[in-house]
Amino acid sequence: MSRRLFASFSKYRNAVGKAAKHEDAYTDLKPSTSASTDSCQLVKVSHSWIAFKQINGSIGILPVGTVGRIPQDFHLLSAHGSGVSEWEFSPFDANCLITGAENGEIKVWRIISRDDSVSTELVLTINTGTGKGVESIVHHPTSSEIFASASGNLVQIWDISGKAQGTSLTSPAYTLTHPNTVSSVSWKADGALLATTCKDTRIRVFDPRKQETSVQDGVGHAGNRSSRVIWLGEKDLLATVGFNKMREREVAVWNAGDLSKSLDMKRMDSSSGLTLPLYDEDTSILFIPSRGESIIRWIEISDSAPFMTEGAAFSAQGSVNGAALVPKQLMNVMQTEIVRILTVTPTSLWPVSVNIPRKSYLDFHADIFPDTKSTTPGSTASEWLCGNNGVVPRVSLDPGMAGKPIWMQNGISDRPVPSKFVSSATTVAPIPKVVSQPSTIPSVLAPAPVPDSTATTVPVAAAPAAEPKSVSTPTAVTTAKEPTTEASVTQDKTNPRTANPSTASPAVTTPTTSKAPTATATSATPVAPSLSKPSSATTSPLVSRLATQRSSKFRFLSFKPYHTSSHFENIQGLSISTTPECNLIEVNSKFLALPLHGTGGRVGILKISEPGRVGAAVPYLVCSSDLSGFKFDPFNPNLLVTASDDTKIKGWILPDDGLDKENPVTKPNWTLGAPTMEKISLVLFHPRAKDVLLSASMDRDDPTIRLWDLKAQKEKLAIKGHKATIFSCAFNHDGTKIVSVCKDKKVRVWSATTGELLQEGPNHDSLRSCRVLWLGDSDVIASVGFGRGSQREILLFDANDLKRGSIDSKKMDTSPGILVPHYDADTSVLGVSARGDRVMRHFEIVLENKDHLGPGKTMFVDVASLEQGSLQQDVAYLPKKYCDVREVELAKMYRLTYNSVEVIRVSVPRQKKELFQDDLFPDTIDMETPSIDADEFFSGTGLAVAPQKISLRPADMESLTQHSSLTPVTPQQGGNSLDKFLLGKQQVAEDERKRLAMERMFESAKESKADRDTLVPDTGIIDDDEWDD
């Protein structure tokens, strides 16, 4: 009987969910599959953009209209110094993105799109003051500038109206305190009330404008795992998902006015996967995907018993790690698509469409598409704070009716999809483009006038012309208050109204009011272009196809920690309070050096060959004053040089068996100093010349770079000319030039033999510390530091022309951590680490003149980044000769955390590891063998000697190039008949070889089993004498 009743009133009982085809998914991505919080969905969708978490911790931003294989240079937003825990789009501005971090910081961003690029602009920074991760960000359903955030035990409601760009906000409009950590937050559809779930298993309802304590609360799911709450639209009903005491998953419906007992509760199953409930207000359907599962359940919610009616579950494309609902305005309504869910898989973002089967798809089925909410807010922030509950206007999804919404006539925006996203493997559905109406985005983002509210819209009749033409005269008058946001909406390519120009109805919108006459076509009237398919000669970025963007062979760079037995764990007494110019870890083939707490400037020395639990017994040496820098001699692994606040440079010869744990070393082997030398900021060894050391110091307000001859124990050259503290220095590849960066915001190049200033130019526009290095044997210099507004950045310079400024730049994020660069000249990969970060970014640098790369090109190519669970303090690398090339190990990294040193293998996945990958391992410079000595360097006689290079190929390994040259070349398909015949013959021979190998393997297995059966017959009977007495 109940099933018959359900069939009589439910329009959605036959809903069918189906994963999209491969060409309609967003593929070739590396989204993160691990969420920082239980409520994080890992992906969010606005009318224009998709924001998803990358595996490197940044937020990837894609246009919604681009599907297929995504080029690797799409925009990445490194929003925070710590990990991003939650993010949310504004429902009234598709370009407004709000992000929350694990340290309690919230930022408001504006997404800016130009013809060939996408960028993000920081609008507002919010400090929640909790210091804990942001669990939820939920935008207000009716007000354009109000949103709620949950962090720790607080739910804070923020008003971001009227805030100037780049400012900070610390005071919320309302604060709702809970006794324990808040798990989820949900607004009622009218924005008057708010519901929360908490770790104490209780459900609470708040009226924040009346009181900051709950007006209703009750016990929710009894399990100790987090639960989620969703307010069911404008109904006075709540839906929750969680676990009971038996760890079974449950879904329940509650009366928001009486939370003492649920109206209905269903036990789902005993799976441990966290659910991600998604509620569609228009259809009253609650979709329940689960992390790690491929099945998506759905339940239709009604106002009376039975409150929940479960429909037939459907499958996604593989296991689901995150999911989000796509806005209703993007549905393919002519194919009866009522809901689209965008799911996160390990390598893609995959849409799943929910359709209602119908006999005919020629007409719009209004019975399953009620009017949906528009993008016009119902109230401003000030109106809501004063007690007004605005109503968001609703619009019809019918593409052909007179009252159709503005966004359907001219799209959400006149912004085309950036051409960088349109490659040979990418398909974009063509859309009509008409000039947009003014936008009502929040004033904090981009103020815009609001059109008059006395408007109406008149559709244009379809013209039956045989050849579609552009509309040249205004034929429709728009007077509806339906401004749109600056974003693009793409109709599904299967939509017959879009695919068939003869049946399409192009429309022209002319803003008018009751006080002004209608504009003419020769004035400000927007003209709608034809809906016909663009020709191949069109220059629109939306339909043009460009060549595939440059991708790096290191884009799949992997970072795999060695076994824990190779790590140095539980190191007690580590110090991270050294100067920003001082590295926190130094490593060579024998020793590991770390700064330690304690008086006198202590440096702990550990043997590389003795990893494990270190504890408090760290052998160390004492510098007699606070440490300001330390370095190992690259040509003598037993020599450690330290600089300290007593203005002395000291050399320590370490014994091969290490230092005594009981007796610290207090007396250096030698000491260097100068009468005018004051605070030393860094020490650095020459890359080619033995016994040549560089130091930078303050000399009575006259910053000086000195070059020392360690063999003669004396100063050889003093380079003066800096105006402020020297932050960093680096030699070029042959050691003849020195680049320095200074607090006066300048970058300079000096002659290392004469001290002459060769070049000078502007550097980072900040007084904060920065680092510099020379990129291999090129003339490109990289500097990492801070720009305006404390935004971290990487600048590239031409060493021969510093006056022009940077030749390319890469904006990172806004974080206080000092960036430290690490460059591998063999692979051109630049790694950037920072103290207190979890993520280490990597880029391949294209060492070509940027002018030769073409317009819109960059020298930075993003590659995979390292993301670990613990905060890093610094990293160091062993020389290339110590990498395991058999495992395609490009680098051996030592990563310092707050109490350990992790050993990490940096490698590239390759199939034929039995071959030496000589495309990844060219002959490399032997960093441990000097090419000249100090006398030759300072006299200038040995500078022409080339550094010694070595091959990393083991004697018993065949190189990939050699193997390829000996392997017969496979004829290409599409050639003549002989080529095709040879190709088929070779393929048949290969298949036959594999078949014979499998048969031999099975025969060997059968013989082995027969031998075992002969030796030990299994009768199933145990003799009496085999029993124990």
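Residues numbered from 1 in each chain as written. Predicted model: local features only at pLDDT ≥ 70, side-chain atom pairs only at ≥ 80, totals over all residues. Heavy atoms only, no water.

1. Let's talk about the sheet that holds strand β62 (residues 837–845)
The pairing of strands in a sheet happens through backbone hydrogen bonds and is either parallel or antiparallel.
Part 1 of the argument: Strand order across the open sheet formed by 4 strands is β60-β61-β62-β63, with antiparallel pairing between neighbours. Strands with a single pairing partner mark the edges of an open sheet, and in this sheet they are β60 (819–824) and β63 (860–872). Here the average twist between neighbouring strands, direction ignored, is 20°.
Part 2 of the argument: Taken together, the 4 bridges between strand β61 (residues 829–834) and β62 define a ladder with antiparallel strand orientation. Bridging across to β62, V829 finds its partner in E844. (Pairing = 2+ DSSP bridges. Helix = DSSP H or I, 4+ residues; strand = E, 2+ residues; numbered from the N terminus. Axes fitted to C-alpha atoms, helices over the stretch in contact; angles between N-to-C directions.)

2. As for the state of the cysteines
Part 1 of the argument: A complete count under the given rule lists 0 disulfides for this structure.
Part 2 of the argument: Cysteine C623 shares no disulfide, and the gap to the nearest cysteine sulfur, in C582, comes to 10.0 Å.
Part 3 of the argument: Here C770 stays unpaired: no disulfide links it, and the sulfur of C742, its closest cysteine neighbor, is 8.7 Å away.
Part 4 of the argument: The class of C770 is buried, set by a relative accessible area of 3%. (Disulfide = S-S within 2.5 Å. Buried < 20%, exposed > 50% of the residue type's maximum accessible area, 1.4 Å probe, protein only.)

3. Brief notes about the pattern of salt bridges
Part 1 of the argument: For the structure shown, the criterion picks out 48 salt bridges.
Part 2 of the argument: For E102, the salt bridge goes to R838, with nearest N and O atoms at 2.4 Å. With E102 in the loop between β9 (93–101) and β10 (105–113) and R838 in strand β62, the pair connects residues that are 736 residues apart, well separated along the chain.
Part 3 of the argument: According to the relative accessible area criterion, E102 is partly exposed, its value standing at 25%.
Part 4 of the argument: Here R297 and D269 are joined by a salt bridge, their closest N and O atoms 2.7 Å apart. With a gap of 28 residues between them, R297 in strand β27 (residues 293–301) and D269 in the loop between β24 (264–267) and β25 (278–280) connect regions that are remote in the sequence.
Part 5 of the argument: A relative accessible area of 18% places R297 in the buried class. (Salt bridge = Lys/Arg side-chain N within 4 Å of Asp/Glu carboxyl O.)

4. Observations concerning the nonpolar core
Part 1 of the argument: With 61 residues, the main nonpolar core has Y26, I50, L62, F287 and L349 as its most contacted residues.
Part 2 of the argument: Counting residues per element, this core draws most heavily on strand β31 (residues 337–345), at 5 residues.
Part 3 of the argument: For F287, the residues in contact, after removing those within four places along its chain, are L276, P277, L278, D280, R297, W298, F314, V339, I341 and V354. (Core = buried A, V, L, I, M, F, W, Y, C linked by side-chain atoms within 4.5 Å. Contact = heavy atoms within 4.5 Å.)

5. Remarks on the pairing of strand β43 (residues 627–633)
Part 1 of the argument: In terms of residue burial, β43 counts as a mostly covered element, since 7 of its 7 residues are buried.
Part 2 of the argument: Both β43 and strand β44 (residues 636–644) contribute to a ladder of 6 bridges, which runs antiparallel. Bridge assignment links K631 to a residue of β44, and that residue is V641.
Part 3 of the argument: Linking β43 to β44, which pair antiparallel, is a turn of 2 residues.

6. Quick word on the confidence of the model for the protein
Part 1 of the argument: When pLDDT is averaged across the protein, the result is 81; 79% of the residues are at 70 or more.
Part 2 of the argument: Counting contacts from residues 1–8, a segment whose pLDDT is below 50, to residues more than four positions away or on other chains yields 4 contacts.
Part 3 of the argument: Below pLDDT 50 for its whole length, residues 402–548 participates in 327 contacts with residues either more than four positions away or in separate chains. (pLDDT = per-residue confidence, 0-100.)

7. Remarks on the environment of K18
Part 1 of the argument: For K18, the position within the fold is in strand β1 (residues 16–19).
Part 2 of the argument: What makes K18 exposed here is its relative accessible area of 60%.
Part 3 of the argument: Dropping the residues within four chain positions of it, K18 is found in contact with P351, V352 and S353.

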